[in-house]
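Notes for the structure review
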Amino acid sequence: MEEEKKAAIILGATGLTGGKLLKLLLADDRYQKVKLFSRSSVGIQHEKLEEHLGDLMNLSSFKEDFTGQEVFCCIGTTKAKTPDNALYEKIDYGIPVEAAKLCVENQIPTFVVVSALGADAKSKIFYNRIKGQMEEAVLQQQIRNTYILQPSLIGGKREEKRLGEWLFKQLMKIGNLLLVGGLRKYRSIEPDSIAQCMLWVANNDYPNGKIESDKIKELAKQ
């Protein structure tokens, strides 16, 4: 008996990692539909693609269409792009947590979310604290298959120019060679690896929980 094909949801498909994941899902025969929820269109046409445009700050308004077997949350901003702390929290905490709650309400069994290495709900660093609080809130939903990816600095080329981040990435290319042993997880990581890992854990029997950067790279090669 042929296995029933799935429908997947992506939040953040216009970003680096989300865009890579979108291409993988559209090319994967296990999926018959890929639903995107975002503020703007990805600008491509595909028979599998279904776009829902609107305000992700009010994700519950999409509840009726928020259905499928898997949700991939690639939402995230930066302090440079979103300097207002309240807005930053609404994006990096509010959207993923609301998505997890919708998974529970609509009985979606798999939730995969991109967080960050160093996430800690008790951290004094605002960015790390928000990510950590998001992780805790997501885990509290007790979705059957929950995977929290914690990548280190994400490489790749963005459309917008972030000079400080670009300079840091150049230094990281050198620094990566010095990060060995237990420090390997701090090496920068490419969005392709994150997307490949997200797809792999959603389709394989892997333990629930947090996946650090070096493990993401390892699973991406499976």
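Residues numbered from 1 in each chain as written. Predicted model: local features only at pLDDT ≥ 70, side-chain atom pairs only at ≥ 80, totals over all residues. Heavy atoms only, no water.

Compared with the 16 Å implied by 1.5 Å per residue over 12 residues, the 17 Å span of helix α5 (residues 191-202) between its first and last C-alpha is a close match. Across the 12 residues of α5, nine count as buried, placing the element largely inside the fold. Within the span of α5, buried status applies to Pro191, Ser193, Ile194, Ala195, Cys197, Met198, Leu199, Val201 and Ala202. (Helix = DSSP H or I, 4+ residues; strand = E, 2+ residues; numbered from the N terminus. Expected span 1.5 Å × (residues − 1). Buried < 20%, exposed > 50% of the residue type's maximum accessible area, 1.4 Å probe, protein only.)

Moving on to the packing of α5 against helix α6 (residues 213-220). Between α5 and α6, whose axes approach to 8 Å, the crossing angle comes to 70°. One finds that α5 runs roughly perpendicular with respect to α6. Of the residues in α6, those touching α5 at Ser193, Ile194, Gln196, Cys197, Trp200 and Val201 are Ile216, Leu219 and Ala220. Here the contact of α5 with α6 is composed, by residue class, of seven nonpolar, two polar and no charged. (Axes fitted to C-alpha atoms, helices over the stretch in contact; angles between N-to-C directions. Parallel < 35°, antiparallel > 145°, perpendicular 65-115°, else oblique. Contact = heavy atoms within 4.5 Å. Nonpolar A, V, L, I, M, F, W, Y, C, P; charged D, E, K, R; others polar.)

Another aspect to go through is the sheet that holds strand β3 (residues 49-53). Sheet architecture is open: seven strands sit in the order β3-β2-β1-β4-β5-β6-β7, paired in parallel fashion. Looking along the sheet, the strands with just one partner apiece sit at the ends: β3 and β7 (209-212). Along the sheet, successive strands turn relative to each other by an average axial angle of 20°, direction set aside. Two strands pair when backbone bridges link them, and strand β1 (residues 6-11) and strand β4 (residues 70-73) are joined in this way by four bridges, in the parallel orientation. Residue Ile10 lies in a different strand from β4, and its bridge partner there is Phe72. (Pairing = 2+ DSSP bridges.)

By themselves these figures say nothing about function.
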